[in-house]
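Inside the fold
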Amino acid sequence: MRIFSGIQPTGVLHIGNYLGAVRRWVELQETAECLYCVVDYHALTSEASSPDELGGAWRGLVLDLMACGIDPDRAILFRQSDVPEHTELCWILSCVTSFGDLARMTQFKEKSRGQQFVNVGLFIYPVLQAADILLYLADHVPVGEDQLQHLELARRIARRFNGRYGEVFPEPEPLLGEGARIMSLADPERKMSKSAGPEHVVGLFDPEDEIRAKVRTAVTDTGLTPGQDMSPGVANLFRLLELVAPGEVVEAFKGDHAAGRLMYRDLKASLQEHLLTTLAPLRERRRELAVSVDVEAVLAGGAERARAIARAVIADARQCVGL
Ligand code: TYM
């Protein structure tokens, strides 16, 4: 089993990223060969990306990921732009990708809606993502739910390439965890997302009083729609609590909810405590790593190991297509 996953370097690492993906990455490195990639080429597709922000963001993210438990001696932790084979394979794969498929991508539609200038990078973003995964012949990809459509496309691209040129790429399967869909605390109808603005994300390494305030002010009473027995905001708080607190704590609050005596204030206070307890060791480690880790050296080691795999696969792909 070979695992690949990626994360964008800009914006803070938030509890959606952690509970939806990164926590799983840490578990998987115990049992599988794992590659984890800081996808800086992808970040360029954002019109808001600036050289100053991007130039330093990967450094912070590497420390964040190591604080979460990613061990660069076990997993291959590297930066996408250090392995130029990603963009080479992207081009080859773009020639077996349907324009119509790309035009149907939800993320492209959302990000391009209302924009005056839509860059082509944003349009072919999912092809680069497919190249990231297929370049390592990865068969499993731990991600949050928002990436499922891109993964389905990566499978289609692999199938089309294999059908036309011969079996080279396995069709990668998503690995979804319990926290695959964490919603914004400020607007529980939308996903917690870096691009939505700071009020919508709880950063893993944000000051403690900010984390407490975001949980305390989480929206709960948006009203029920028919068939719902919990508002989306309360359901999101329960989902988060399940991910950070012992089962009996969650059961007690669920009992209160069923009996109609749940106090949101108590639910939020419990979530604040259990969330901060879960994050405490990471936050502590982040402070230590900031002064002890040579990020450039970590990435150089990761890139060398990643390239050893990538070079062989790209050579194979080139030969198959007749280059
Ligand atoms: P990115 O950087 O937006 O997010 C990184 C990971 O965090 C997950 N995630 C969430 N999970 C649950 N709830 C949320 N609210 C939430 N927000 C984010 C994402 O699903 C993701 O797993 N396109 C990708 C990066 C990428 C990639 C790849 C991923 C590039 N190439 C190849 C896998 C394989 C992205 O923008 O993730």
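Quick notes on the rules
Residues numbered from 1 in each chain as written. Predicted model: local features only at pLDDT ≥ 70, side-chain atom pairs only at ≥ 80, totals over all residues. Heavy atoms only, no water. Domains from an automatic or database assignment. Contact = heavy atoms within 4.5 Å. Buried area = accessible area lost by both parts, 1.4 Å probe. Salt bridge = Lys/Arg side-chain N within 4 Å of Asp/Glu carboxyl O. Helix = DSSP H or I, 4+ residues; strand = E, 2+ residues; numbered from the N terminus. Nonpolar A, V, L, I, M, F, W, Y, C, P; charged D, E, K, R; others polar. Core = buried A, V, L, I, M, F, W, Y, C linked by side-chain atoms within 4.5 Å. Buried < 20%, exposed > 50% of the residue type's maximum accessible area, 1.4 Å probe, protein only. Pairing = 2+ DSSP bridges. Right-handed = clockwise from strand over helix to strand, strands pointing away. Phe/Tyr/Trp six-rings, centres within 6.5 Å; stacked < 30°, edge-to-face > 60°.

Comments concerning the domain arrangement of the chain
- Taken domain by domain, the chain holds domain 1 (2–181 + 294–321) and domain 2 (194–287).
- Summarising the inter-unit geometry, the C-alpha centres of domain 1 and domain 2 are found 29 Å apart.
- Every contact between the two is made by 22 residues of domain 1 and, on the other side, 15 residues of domain 2.
- Of the roughly 1700 Å² buried between domain 1 and domain 2, counting both surfaces, carbon and sulfur atoms make up 65%.
- On inspection of domain 1 and its partner domain 2, the count reaches 1 salt bridge.
- Aspartate 64 is the partner of arginine 286 in a salt bridge, and the nearest nitrogen-oxygen pair spans 2.5 Å.
- Put simply, the parts of the chain that give the side of domain 1 that touches domain 2 at least two residues each are helix H1 (15–28) and helix H3 (51–68).
- The biggest single contributor to the side of domain 1 that touches domain 2 is H3, with 6 residues.
- Residue composition of the side of domain 1 that touches domain 2, by class: 10 nonpolar, 8 polar and 4 charged.

A look at the nonpolar core
- Membership of the largest hydrophobic core comes to 59 residues, with the highest contact counts inside it found for Ile15, Tyr36 and Leu65.
- Here this core spans two domains, since at least three of its residues come from each of domain 1 (2–181 + 294–321) and domain 2 (194–287).
- Once residues within four sequence positions are removed from consideration, leucine 65 is found in contact with Ile7, Val22, Trp25, Val38, Ile70 and Leu77.
- Ranked by size, the runner-up nonpolar core spans 42 residues in total, among them Leu35, Phe78, Ile157 and Ile309.

Description of the pairing of strand E1 (residues 2–7)
- With 5 of 6 residues buried, E1 lies mostly within the body of the structure.
- Both E1 and strand E2 (residues 33–38) contribute to a ladder of 6 bridges, which runs parallel. Within E2, the residue paired with serine 5 across the bridge is tyrosine 36.
- What joins E1 to E2 is H1, and the crossover it makes is right-handed.

Quick notes on the packing of aromatic side chains
- Counting across every chain of the model gives 8 aromatic pairs.
- Plain terms: the ring middles of phenylalanine 4 and phenylalanine 78 are 6.5 Å apart, the flat faces sit at 70° to each other, and that makes the pair edge-to-face. You can see phenylalanine 4 sitting in strand E1 and its partner phenylalanine 78 sitting in strand E3 (residues 76–79), a full 74 residues away along the chain. Summarising the burial analysis for this pair, phenylalanine 4 and phenylalanine 78 share the class buried.
- Taken together, the ring pairs connect Phe4, Phe78 and Tyr136 into an aromatic cluster.

What about the pattern of salt bridges?
- Tallied over the full model, the rule gives 21 salt bridges.
- With a closest N to O distance of 3.1 Å, glutamate 33 and arginine 2 form a salt bridge. Here glutamate 33 is found in strand E2, whereas its partner arginine 2 is found in strand E1, with 31 residues between them in sequence.
- Here glutamate 33 falls in the partly exposed class, since its relative accessible area comes to 37%.
- Among the ionic pairs, aspartate 71 bridges to arginine 74, the shortest N-O distance being 3.5 Å.
- We classify aspartate 71 as partly exposed; its relative accessible area is 22%.
- Connected via shared salt-bridge partners are Glu30, Asp71 and Arg74.

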